[in-house]
Amino acid sequence: MSNMVFAGSSARFKGFVTPIPSFVYKFELQSFSNLNIKKIISGGAFKYIYNCLWTVDNKIYLYPLNYNLPILLDNEIKYFTKINDDQYEIKQFILGNNEIKDIIGNAIGLFFWMKNGELFYLNFNTGIKQIETLQSKTITTFGTGIMSERYFFKDDRGKSYLFSEDNLLDVTLDNEDPMLFGCGACSGPNVMISKTNKLFTGKTFKYMPSSFENESKVIDLQCGYKHSIILLENQSIYGFGFNSLYQCGVFEMKSMIDVPTKFTIPLKLPVLSIGCTSRGTCIVSKDEIVFIGEVVETGTDFKTKRISTSIKIDNNFELNYFNAVACGPWHYIVYKKSEKISKSLEYFISNLKKKNIQCSDIVIIIS
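Owing to the predicted nature of the structure, the values given are computational and were not obtained by experimental measurement.

## Remarks on the environment of S210
Assignment of secondary structure puts S210 in the loop between strand 21 (206-208) and strand 22 (218-223). The sequence separation of S210 and T261 amounts to 51 residues, and the corresponding C-alpha distance is 8.7 Å. Apart from residues lying up to four places away in sequence, S210 is in contact with L199 and P260.

Here's what the structure looks like:
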């Protein structure tokens, strides 16, 4: 079963949209009913805006589909390439029998990182290719940004590379092993966290001293258009970059934040994940999801908007259900991430049908 909530501009999604209170809208997503979602990947920029659904049984779907976006099913990828104004050619690529370790999206495509270390890039403009160097096909570290055309990877020899503006650059750092990487759109900075908890930024990955370096281990890094969010193991969150809509989580200043600064927004713990849109930030905790910035800027208090992670079935029963958010360039998708179907979930689905509530068809747009 799938359970999804879309947050973003209603103009970007096709369907019958019915207002619910304030910033909430609902329409039907019948095609995604009863999916067990392992992960949703959102990304894009001005030409492409997409959502990729990866299910626990390894089926992959793209929605919404532009006419020149690919169609993905199982380990077979079919995509269209334009020959001329009137003709399209359908091409096909088989990922093979290797299992997918992760799927990551950026502004113009999807990366399929396999468990054997191979990395395939489906570029919506040019098709699919394997990411490799002359010496190695095994990738051990990888990162990109949802609105960026750049990407970073390290191979099994310890060499690090940045693909930028059609050039593959050797950016190996002496005595530093990359752990996490992210990058913003256009002129947004490259950001890298090493295994020693050090922060490196810019085109040449210059070391930037930070107060979190000796505080706690960094466990996640996310980047928007020109801001970056960092989550520590001790649950502290830091932000830096553009803060025009308080997307860095700091309300005391509404401008550029030059160095990583700790969030001043009160949050419920534990924090499960973080995410960024173009000029927005999302924090997922056990009990609530907090949106900051872009998608809530038209509200009466655009600094934050909070929604519950639970679904109220009736006056006596409430189920903690939402536990993940996919962040696109100008939208969010809130959903239930699952690894497998449990008996309790099957029981919940059957009871939802009796109550005529289809949580897999709930779509909420925050604008």
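## Some thoughts on the side chain of K154
Inspection of the secondary structure puts K154 in strand 15 (residues 151-155). Judged by its relative accessible area of 8%, K154 is buried. Discounting chain neighbours no more than four positions away, the residues touching K154 are T138, I139, T140, T141, K159, S160, D177 and P178.

## A closer look at the sheet that holds strand 24 (residues 237-241)
The strands that make up a sheet pair up through hydrogen bonds in the backbone, lying either parallel or antiparallel. With antiparallel pairing, the four strands of this open sheet are ordered in space as 22-23-24-25. At either margin of the open sheet sits one strand with a lone partner, and together these are strand 22 and strand 25 (257-262). For this sheet, the mean inter-axis angle between neighbouring strands, taken without regard to orientation, is 15 degrees. Two strands pair when backbone bridges link them, and strand 23 (residues 227-232) and strand 24 are joined in this way by five bridges, in the antiparallel orientation. In the sheet register, L231 faces strand 24, and the bridge partner there is I237.

## Side note on the pattern of salt bridges
Using the criterion set out here, one finds 11 salt bridges in the structure. Taking the shortest distance from any N to any O, the salt bridge between D155 and R157 comes out at 2.9 Å. Residue classification places D155 among the buried residues on the basis of a relative accessible area of 1%. With a relative accessible area of 39%, R157 lands in the partly exposed category. Close ionic contact of K159 with D170 constitutes a salt bridge, the shortest N to O distance being 3.1 Å. Linking K159 in the loop between strand 15 and strand 16 (160-164) with D170 in strand 17 (residues 167-170), this pair joins segments that are 11 residues apart in sequence. Take D170: its relative accessible area is 44%, and that puts it in the partly exposed class. Overlapping salt bridges, with partners in common, bring together K154, D177 and K195 in one network.

## Quick word on the packing of aromatic side chains
How two aromatic rings sit relative to each other is given by the distance of their centres and the angle of their planes. The full count for this structure, using the stated rule, is 17 aromatic pairs. Pairing F152 with F181 gives two aromatic rings, centres 4.6 Å apart and planes at 20 degrees, and the pair type is stacked. In this pair, F152 sits in strand 15 while F181 sits in strand 18 (residues 178-183), placing the two residues 29 residues apart along the sequence. Neither residue differs from the other here; F152 and F181 are each classed as buried. Each residue in the set F111, W113, Y121, F142, Y151 and F163 is aromatic and connected to the rest through ring pairs, giving one cluster. The aromatic ring of W113 is capped on one face by K101, whose charged end is 4.0 Å from the ring centroid. Looking at K198, its charged tip hangs above the ring of Y207, at a distance of 5.7 Å from the centre.

## Quick word on the pairing of strand 16
Burial of strand 16 is extensive: five of the five residues sit out of reach of the surface. Relative to strand 16, strand 15 is paired through four bridges, and the arrangement is antiparallel. Within strand 16, the position partnered with F153 by the bridge is Y161. Strand direction decides the pairing type here: strand 16 and strand 17, joined by four bridges, are antiparallel. Paired with S164 across the two strands is N167, which belongs to strand 17. A loop of two residues connects strand 16 with strand 17, the two strands running antiparallel in sequence, and E165 in this loop sits at a positive phi of about 50 degrees.

## Things to note about the pairing of strand 15
Of all five residues in strand 15, five are buried, a share of seventy percent or more. Alternating positions in strand 15 separate into two faces, Y151, F153 and D155 on one and F152 and K154 on the other, with burial throughout. In the sheet, strand 14 (residues 139-144) pairs with strand 15 via five bridges, with the strands oriented antiparallel. If you follow T141 over to strand 15, its bridge partner there is K154. Two successive antiparallel strands, strand 15 and strand 16, enclose a turn made up of four residues, where G158 displays a positive phi of approximately 90 degrees.

## Here we look at the nonpolar core
Where a protein is soluble and globular, its nonpolar side chains tend to be buried together. Ranked by internal contacts, the top residues of the largest apolar core, which has 33 residues, are I100, I103, L110, F112, F142 and Y151. Of all the elements, strand 11 (residues 109-114) adds the most residues to this core, at five residues. Excluding anything up to four places from it in sequence, L110 contacts I41, Y50, C52, L62, I103, I104, G105, F120, Y121, L122 and F124. Judged by nonpolar contacts, the second largest core, of 15 residues, contains V218, L232, Y238 and F240.

Cut-offs and rules
Residues numbered from 1 in each chain as written. Predicted model: local features only at pLDDT ≥ 70, side-chain atom pairs only at ≥ 80, totals over all residues. Heavy atoms only, no water. Helix = DSSP H or I, 4+ residues; strand = E, 2+ residues; numbered from the N terminus. Contact = heavy atoms within 4.5 Å. Buried < 20%, exposed > 50% of the residue type's maximum accessible area, 1.4 Å probe, protein only. Pairing = 2+ DSSP bridges. Axes fitted to C-alpha atoms, helices over the stretch in contact; angles between N-to-C directions. Salt bridge = Lys/Arg side-chain N within 4 Å of Asp/Glu carboxyl O. Phe/Tyr/Trp six-rings, centres within 6.5 Å; stacked < 30°, edge-to-face > 60°. Lys NZ or Arg CZ within 6 Å of the ring centre and 35° of its normal. Core = buried A, V, L, I, M, F, W, Y, C linked by side-chain atoms within 4.5 Å.

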